[in-house]
Amino acid sequence: MFVTVVPFPTSLVTQYLGTPAATLACAVYAGVFVVINLAYNLFWWTAIREHERHLLHPAVMPRQVKRLTRRSLLGLLVYLLATGLSFWSPLFHERR
């Protein structure tokens, strides 16, 4: 459901990229992806909990679950980093 919001911050970035409001527009854009990733992680952790109760398919290996968990957390870290960098990056482009 959160993915349907993506066009709004995308239009903010395209509208304000060359202005002083670019920092905020880029932060909102990146922040939307943080929220999307948090929702994904919530679903993933719910699935893991069900797996531990042996309700998921038995062919799912614990190492697969561990690998996918690491990847989802890495994605969250990347989106958080992008949100932080969004406050700096538009300023860099304006000075060129």
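All of these numbers come straight from a predicted model, not from anything done at the bench. (Residues numbered from 1 in each chain as written. Predicted model: local features only at pLDDT ≥ 70, side-chain atom pairs only at ≥ 80, totals over all residues. Heavy atoms only, no water.)

S.K.: Break down the UniProt feature "transmembrane region" (unreviewed entry) in the protein for me, with residues and values.
M.R.: This chain's UniProt record puts "transmembrane region" (unreviewed entry) on residues 20-43 and 73-91. Helix makes up 92% of residues 20-43 and strand 0%, with an end-to-end C-alpha separation of 37 Å. (UniProt positions renumbered as here; feature names shortened; annotations may be inferred. Helix = DSSP H or I, 4+ residues; strand = E, 2+ residues; numbered from the N terminus.)

S.K.: Kindly report on the packing of aromatic side chains, identifying the contributing residues and their values.
M.R.: The final tally for this structure, using the stated rule, is 2 aromatic pairs. Aromatic side chains Phe33 and Tyr79 sit 5.8 Å apart centroid to centroid with 20° between the ring planes, which places their arrangement in the stacked category. Taken together, the positions of Phe33 in helix H2 (residues 22-52) and Tyr79 in helix H3 (residues 62-86) put the pair 46 residues apart, joining distant regions of the chain. Of the residues examined, Tyr79 reaches a relative accessible area of 31% and is grouped as partly exposed. Three or more aromatic residues link up through ring pairs in this structure, and these residues are Tyr29, Phe33 and Tyr79. (Phe/Tyr/Trp six-rings, centres within 6.5 Å; stacked < 30°, edge-to-face > 60°. Buried < 20%, exposed > 50% of the residue type's maximum accessible area, 1.4 Å probe, protein only.)

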